[in-house]
Amino acid sequence: RLHSRRIFTATTIAALCAGGLAATTLAVHARSDAVNVSATSSRPGTSAATHATTTTPFDRTRVRVSLHLDAASLPSGGSIGATVTFVNETGSALRVPGCGGFFQIVLGDRRGPSSVVWLQCLVMYTVPVGTSTVRGELRATPSEAGVAIRPGAFFAWVVFDDPRPDVFVAAPVPVRVVAPAVAAPAPRCAVHELALDYYGGGAGAGNDFGTIRIRDVANVPCTLVGPISIVGVDAASRPVTQSVSYPVDDHLVLTARAPRVPVGASAPAGEVVADLLIGAPYRDDTSSPDGLCHSHRVVPAAWRVRLLNGAGTVANTSFDPADPHNQFASLLTCAGRLDSPDPVHAE
């Protein structure tokens with residue numbers, strides 16, 4: 001059974017790590033103080049038969065091996081920790097061969113483990129007298145051929161890199177592979193959980209521009225859902241501009257407890273805020289004798305921002321310390337006209 005393990009259909013590898021496989025000597029240490037590894041020559045490409053000539057014969061009935069899993073199930077594509085316990089009652093330390101570890105923990109059925117692959121080198125590991133434990137890992141990841149592990153009932157087996165049948169035997173442990181948990185989508189943003197900040201953007205080619213940043217100030221992330229409409233209002237909250245409806249990019253999840261972004265800066269890495277860009281033709285007026293907008297200039301006092309579940313208001317003003325007298329700190333419009341909207345997007 002163990003002689004056929006070198007087929008390249010491994011689904012899981014869990015053992016001690018060994019580095020520098022091409023080196024002439026190795027000094028490898030187990031991830032447990034109970035098991036140490038002796039230094040020996042590393043010979044890439046060593047076969048199983050070569051391994052057999054380097055091991056020490058012993059009475060296998062006086063060596064017990066058991067497997068304990070950290071959990072009774074693991075998600076498809078995931079892993080769980082495991083502990084392999086050795087009880088060596090032979091009276092002397094045992095030298096066993098391996099490469100990158102001397103055992104693997106693999107999935108299988110009631111009849112036996114799946115085939116695994118071993119690295120081709122020779123490292124001698126020592127199992128001390130008495131009880132010792134080694135931590136490992138059981139994985140439910142796709143095979144070398146890319147075949148996924150489907151949910152179902154399995155057994156976890158400990159397989160050893162030793163060509164002698166049944167040198168170490170550990171009873172298999174039942175385990176279930178379950179469908180991976182799907183993260184629940186972030187809840188829809190509520191108006192009272194959002195902060196609105198206006199930033200003047202400056203003018204160009206007869207148009208004025210500004211940005212309303214939308215931040216999540218609640219304790220949990222939220223999903224911003226459109227459409228979002230805006231309208232400029234005067235000091236008495238009466239509309240003075242046309243109303244414009246903005247689509248929102250799909251799956252726009254805002255970061256929780258997001259602080260205000262300083263003027264002239266961008267949101268820091270890892271912080272997601274939404275940008276709603278406003279544009280307005282403020283300069284030109286075809287009804288004016290000189291073609292410029294004089295008598296029809298409209299500067300809203302604030303912007304009313306309406307989401308699906310409520311509305312908020314943000315003042316149409318910003319302050320740039322680098323330019324405190326900037327005439328475009330508030331968005332200017334001619335007759336309340338606004339440009340066609342672009343989708344609200346993450347900054």
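Provided above is the structure to which this section pertains.
### Re the overall build of the chain
The number of helices and strands found in the chain is one helix and 25 strands. Burial status across the chain gives 46% buried among its 347 residues. Partitioning the contacts of the chain with sequence separation of at least 6, the portion at a separation of at least 24 is 73%. In the form shown here, the chain has an accessible surface area of approximately 17,000 Å², with 56% of it arising from carbon and sulfur atoms.

### Overview of the nonpolar core
Core analysis: the largest hydrophobic core is formed by 31 residues, its most contacted members being L67, L69, F86, F103 and L138. For this core, the secondary-structure elements that each account for two or more residues are β4 (63-69), β6 (79-88), β7 (94-98), β8 (103-109), β10 (123-127), β11 (130-139), β12 (152-160) and β13 (173-178). Counting residues in hydrophobic clusters, the runner-up holds 27 residues, among them L196, A280, W303 and L338.

### Section: the sheet that holds β6
As summarised here, the arrangement of the three strands in space is β4-β6-β11, forming an open sheet in which the pairing is antiparallel. Where the open sheet ends on each side, the last strands, each with one partner, are β4 and β11. Across the sheet, the mean angle separating the axes of adjacent strands is 20 degrees when strand polarity is ignored. Strand direction decides the pairing type here: β4 and β6, joined by seven bridges, are antiparallel. Paired with V65 across the bridge in β6 is F86.

### Here's the deal with the sheet that holds strand β22 (residues 302-307)
One open sheet accounts for four strands, arranged β18-β17-β22-β23; its pairing is antiparallel. Each edge of the open sheet is held by one strand with a lone partner, namely β18 (244-246) and β23 (310-315). When the angles between neighbouring strand axes are averaged without regard to direction, this sheet yields 25 degrees. Pairing of β22 with β23, which is carried by six bridges, proceeds in the antiparallel orientation. In the strand pairing of β23, R304 is matched with T313.

### Some points on the environment of E137
Within the secondary structure, E137 is located in strand β11. Sequence separation of E137 and D70 is 67 residues, and the distance between their C-alpha atoms is 9.3 Å. A distance of 3.1 Å separates polar atoms of two side chains, one belonging to E137 and the other to S79. Within the local environment of E137, its side chain forms a polar contact with the side chain of R139, the two groups lying 2.7 Å apart.

### Points about the layout of surface pockets
In this model, the largest pocket occupies a volume close to 170 Å³. G200, V263, S318, D320 and N326 are, among the 14 residues lining the largest pocket, the residues nearest its centre. Considered class by class, the residues forming the lining of the largest pocket number six nonpolar, six polar and two charged.

### Some words on the pattern of salt bridges
Between side chains of opposite charge, pairing is possible as soon as their charged atoms come close. Tallied over the entire structure, the rule returns ten salt bridges. Ionic pairing is found between D197 and R260, a salt bridge with its closest N-O pair at 2.8 Å. Of this pair, D197 sits in strand β14 (residues 194-204) while R260 sits in the loop between β19 (252-254) and β20 (274-281), and the two are 63 residues apart along the sequence. Assessed through its relative accessible area of 44%, R260 is described here as partly exposed. Where D234 meets R238, a salt bridge forms, and the shortest distance between an N and an O atom there is 2.9 Å.

### Focus: the state of the cysteines
What the rule picks out here adds up to three disulfides. The disulfide partner of C293 is C334, and the gap between their sulfur atoms is 2.2 Å. In this structure the cystine formed by C293 and C334 twists about its S-S bond by roughly 95 degrees; its chirality is therefore right-handed. You can see C293 sitting in the loop between β20 and β21 (297-298) and its partner C334 sitting in strand β24 (residues 333-334), a full 41 residues away along the chain. Here the bonded cysteines of the chain are numbered in sequence order, and their pairing is 1-2, 3-4, 5-6.

### Some points on the packing of aromatic side chains
Considering all chains together, one arrives at eight aromatic pairs under this definition. Here F86 and F160 contribute two aromatic rings whose centre-to-centre distance is 6.1 Å and whose plane-to-plane angle is 70 degrees, an arrangement assigned as edge-to-face. On the criterion of sequence distance, the pair formed by F86 in strand β6 and F160 in strand β12 is long-range, its members being 74 residues apart. No difference in accessibility class separates F86 from F160, as the two residues are buried. Summarising the aromatic geometry, the rings of F102 and F103 are spaced 5.3 Å apart at their centres and angled 90 degrees between planes, so their arrangement reads as edge-to-face. Each member of the aromatic cluster is reached from another via a ring pair, and the members are F86, F102, F103, Y125 and F160. A cation over an aromatic ring shows up here: R213 above the ring of Y199, its NZ or CZ 4.3 Å from the ring centre.

Conventions used here
- Residues numbered from 1 in each chain as written.
- Predicted model: local features only at pLDDT ≥ 70, side-chain atom pairs only at ≥ 80, totals over all residues.
- Heavy atoms only, no water.
- Helix = DSSP H or I, 4+ residues; strand = E, 2+ residues; numbered from the N terminus.
- Buried < 20%, exposed > 50% of the residue type's maximum accessible area, 1.4 Å probe, protein only.
- Contact = heavy atoms within 4.5 Å.
- Areas by Shrake-Rupley, 256 points an atom, 1.4 Å probe, with all protein chains shown as cover.
- Core = buried A, V, L, I, M, F, W, Y, C linked by side-chain atoms within 4.5 Å.
- Pairing = 2+ DSSP bridges.
- Axes fitted to C-alpha atoms, helices over the stretch in contact; angles between N-to-C directions.
- Polar contact = N/O pair within 3.5 Å; in protein donor to acceptor, adjacent residues only side chain to side chain.
- 1 Å grid on protein atoms, 1.4 Å probe; cavity = no way out; pocket = protein on both sides within 12 Å on 5 of 7 lines; lining within 4 Å.
- Points joined across faces, edges and corners; volume = space filled by probe spheres on them.
- Nonpolar A, V, L, I, M, F, W, Y, C, P; charged D, E, K, R; others polar.
- Salt bridge = Lys/Arg side-chain N within 4 Å of Asp/Glu carboxyl O.
- Disulfide = S-S within 2.5 Å.
- Phe/Tyr/Trp six-rings, centres within 6.5 Å; stacked < 30°, edge-to-face > 60°.
- Lys NZ or Arg CZ within 6 Å of the ring centre and 35° of its normal.

In short, the description is geometric, and any link to function would need to be established separately.
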